[in-house]
Each structure stands twice: as structure tokens, then as C-alpha cells.
Amino acid sequence: MATTIIPTLSELLNQNPHLKLSENNKIVCHLTNHEMPARADVVFAYIRGSKYKKSLEWYSHNYSQYLPYIVENKKNSKQLYCTITQTTLNKIPEEVNKHVNGKKFKRLKEELSKKTVPKNEDEILVIIEFFFLKMVDIKSCTDGVRNRE
């Protein structure tokens, strides 16, 4: 029978920067907002669990490679926002990669790149009109959904 050596609570807290001891003597994981008793065996079991491992992978991924098209969502820190398609994305690397490689994203990015080299005031107005029309299209779609409810 193989025995697993469980590190002490202070070692676990030092090794995992997302775990903090709260005022009420409980351990809080800032990735998942999970709260657990301040016992080494409970914290060790949580660290080895799939929920913590997934959250650690998803939220520590570097999304700066997708800037300026995909940015941090202003309302929810666990989501991203695509400025081209104006959609909200979860911070899942596979989901973001799938979105960036999608037809709609590529088509709109190409349209945007053609229109982002303004040489005079007329071209600047065309760019503003392009973004305004995209916003109106999305607003009209969401208004129809609200009216049906």
C-alpha cells in the first residue's frame, strides 16, 4: 500500500499563491472562491483535484498574444471580450483559440484591416460608420429577443 506524504499547511500555502488564509481561519482559493477548513489533508486533496487544476490552467494562461482584438472583460474578470465580433468569451484557451481561428473572426478582421488605414477624413468617417452599423445590428438583434419575452 503506497502512502502519500502530505505536506504541512504552511508549505502548501507557500507553494500555491492562489491560496490564502482568511480572517475566520479558513483557506480561500482566489481562483475558484472555494473556502475550506485550515487542515493540510483537506487543502492537499483540493489541490490535487480537477477543478483547481483546470482553473489554474485557464486563468493563468497568457492571453496577451490576442491583443488588441481580444481584451479583458470589464465586468467579469473570468471572461474576455472580442472587439471585432463584439462577443464575450470564457477564459478557456481552447475556446479563445477556436474563436480566433473561426470564419467570422477572420472575415471581420480582414474587413477591419482594409479600413484601418485612413488617409483622409472621408476614410475616418467610413471606419466610424462601419463600427456604428455593427453596433446597430447587434442592438436590433437583442431588442427582438427582449420583445419576445
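Please read all numbers here as calculations on a predicted model, not as lab measurements.

Looking at this model, I keep getting lost on the overall build of the protein chain. Mind explaining?
On a plain count of helices and strands, the protein chain comes out with six helices and six strands. Secondary structure elements of the protein chain, listed N to C terminal, follow the sequence α-β-β-β-α-α-β-β-β-α-α-α. A sequence separation of at least 24 residues applies to 35% of the contacts in the protein chain between residues at least 6 apart. For the protein chain, the computed accessible surface area is about 11,000 Å², with 55% contributed by carbon and sulfur atoms.

Would you mind showing me how to read the pairing of strand E5 (residues 79-82) here?
As paired elements, strand E4 (residues 70-72) and E5 share three bridges and run antiparallel to each other. The partner of Glu72 across the bridge, within E5, is Leu80. Connecting E4 to the next strand, E5, in antiparallel fashion are six residues. Relative to strand E6 (residues 87-90), E5 runs antiparallel, the two sharing four bridges. Looking at the pairing, Cys82 lines up with Thr87 of E6.

I would appreciate a short explanation of helix H2 (residues 40-47) in the present structure.
One turn of the α-helix equals 3.6 residues, which is why residues spaced by three or four share an orientation. Every buried residue belonging to H2 is among Val43, Phe44, Tyr46 and Ile47, and all of these are buried. Burial along H2 is one-sided: seen end-on, the buried residues are contained in an arc of 160°. Residues of H2 that are buried sit in contact with helix H1 (9-15), strand E1 (19-21), strand E2 (26-29), strand E3 (34-37) and helix H3 (50-59).

Whenever I open this one, the sheet that holds E2 confuses me. Can you help?
Strands in a sheet are paired, the pairing made by backbone hydrogen bonds, and the direction either parallel or antiparallel. The three strands are arranged E1-E2-E3 in an open sheet whose pairing can be described as antiparallel. Strand pairing shows two members of the sheet lacking a second neighbour, E1 and E3, which therefore form its edges. Strand-to-strand twist in this sheet, taken as the mean axis angle between neighbours without regard to direction, amounts to 30°. In the sheet, E2 pairs with E3 via four bridges, with the strands oriented antiparallel. Along E3, the bridge assignment pairs Cys29 with His34.

How do you make sense of unusual backbone geometry when you look at a structure like this?
Residues apart from glycine generally show negative phi values, whereas peptide bonds are mostly found in trans. For the peptide bond that leads from Leu67 to Pro68, omega is 0°, which places it in the cis range. Mapping Pro68 onto the fold places it in the loop between H3 and E4. A positive phi angle, close to 60°, is found at Asn33, a residue other than glycine. Non-glycine residue Gln86 carries a positive phi angle of around 55°. Looking at where Gln86 falls in the secondary structure, it is placed in the loop between E5 and E6.

Whenever I open this one, the sheet that holds E5 confuses me. Can you help?
One open sheet accounts for three strands, arranged E4-E5-E6; its pairing is antiparallel. Both edges of this open sheet fall to E4 and E6, since each of them pairs with a single strand only. Each neighbouring strand pair of the sheet contributes to a mean axis angle of 35°, computed without reference to strand direction. Seen against the sheet, helix H4 (residues 93-100) touches E4, E5 and E6 and runs at an angle of roughly 145° to E6.

I tried to follow the side chain of Thr85 on my own but got confused; where do I start?
When you line up the elements, Thr85 lands in the loop between E5 and E6. Only 2.9 Å separates the side chain of Thr85 from the side chain of Thr87, close enough to count as a polar contact. A polar contact of 3.2 Å, which involves the side chain of Thr85, links it to the side chain of His99.

Cut-offs used in this document
Residues numbered from 1 in each chain as written. Predicted model: local features only at pLDDT ≥ 70, side-chain atom pairs only at ≥ 80, totals over all residues. Heavy atoms only, no water. Helix = DSSP H or I, 4+ residues; strand = E, 2+ residues; numbered from the N terminus. Contact = heavy atoms within 4.5 Å. Areas by Shrake-Rupley, 256 points an atom, 1.4 Å probe, with all protein chains shown as cover. Pairing = 2+ DSSP bridges. Buried < 20%, exposed > 50% of the residue type's maximum accessible area, 1.4 Å probe, protein only. Arc of directions from axis to C-beta. Axes fitted to C-alpha atoms, helices over the stretch in contact; angles between N-to-C directions. Polar contact = N/O pair within 3.5 Å; in protein donor to acceptor, adjacent residues only side chain to side chain.

Any functional reading would require information that these geometric values do not contain.
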